[in-house]
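Results of the structural survey
Listed below, chain by chain, are the residues.
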Amino acid sequence: MKFNIDDKAIEYLNSKNIKSIYIDTITQKAGCCGNLQVMFDIRKDKTPNKNYLNEKVSGIDVNYDSTMKFYFKDNEEPIRISRSGVGFFSRIYVDNEVNVFSDK
């Protein structure tokens, strides 16, 4: 899989001395009128008893849940990791939206 970490996210990770991140897939079931939601949780510690695949991007080890392969294809654009918020309220997140009903 291809990842792209934007400059603001790299700056944030370096300022916190974070050299590895772990991305977990979270699916939420929808109600009768909603769509299935797929979200991605980024943390600095790995989830116990979980197997991760690894890519090195801009000096950061990106460890990702193997189920992400179901939502992103290798030939698609890279998975974008970005930063939002300011100061204490900053966080990094997966910026790509996932349409689980796409027929691509």
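Placed above this text is the structure.
Note that the structure is a prediction, hence the values are computed from the model and not measured.

Here we take up the sheet that holds strand β6 (residues 79-84). Read from one edge to the other, the open sheet built from three strands follows the order β1-β6-β7, with strand pairing classed as mixed. Two strands lie at the open edges of the sheet, namely β1 (3-5) and β7 (91-94), each paired on one side alone. For this sheet, the mean angle separating the axes of adjacent strands, direction not counted, is 25°. Inspection of the sheet shows β6 paired to β7 by four bridges, in the antiparallel sense. Looking at β7, one finds that Ser82 is bridged to Tyr93. Contacting β1, β6 and β7, helix α1 (residues 7-15) runs over the sheet at an angle of about 65° to β6.

On a regular strand, each side chain points to the face opposite its neighbour's, so the side chains alternate between the two faces of the sheet. For strand β5 (residues 60-65), the tally of buried residues reaches five of six residues, placing the bulk of the element in the interior. Of the strand pairs in this sheet, strand β4 (residues 52-57) and β5 are connected by six bridges, and their pairing is antiparallel. Bridge pairing in β5 links Lys56 to Asp61. Linking β4 to β5, which pair antiparallel, is a turn of two residues; within it Ser58 sits at a positive phi near 50°.

If you trace the backbone, Ser82 turns up in strand β6. Polar side-chain contacts of Ser82 include one of 2.4 Å to the side chain of Asp6. Not counting chain neighbours up to four residues away, the residues in contact with Ser82 comprise Asp6, Ala9, Arg91, Ile92, Tyr93 and Asp95.

The rules behind each value
- Residues numbered from 1 in each chain as written.
- Predicted model: local features only at pLDDT ≥ 70, side-chain atom pairs only at ≥ 80, totals over all residues.
- Heavy atoms only, no water.
- Pairing = 2+ DSSP bridges.
- Helix = DSSP H or I, 4+ residues; strand = E, 2+ residues; numbered from the N terminus.
- Axes fitted to C-alpha atoms, helices over the stretch in contact; angles between N-to-C directions.
- Contact = heavy atoms within 4.5 Å.
- Buried < 20%, exposed > 50% of the residue type's maximum accessible area, 1.4 Å probe, protein only.
- Polar contact = N/O pair within 3.5 Å; in protein donor to acceptor, adjacent residues only side chain to side chain.

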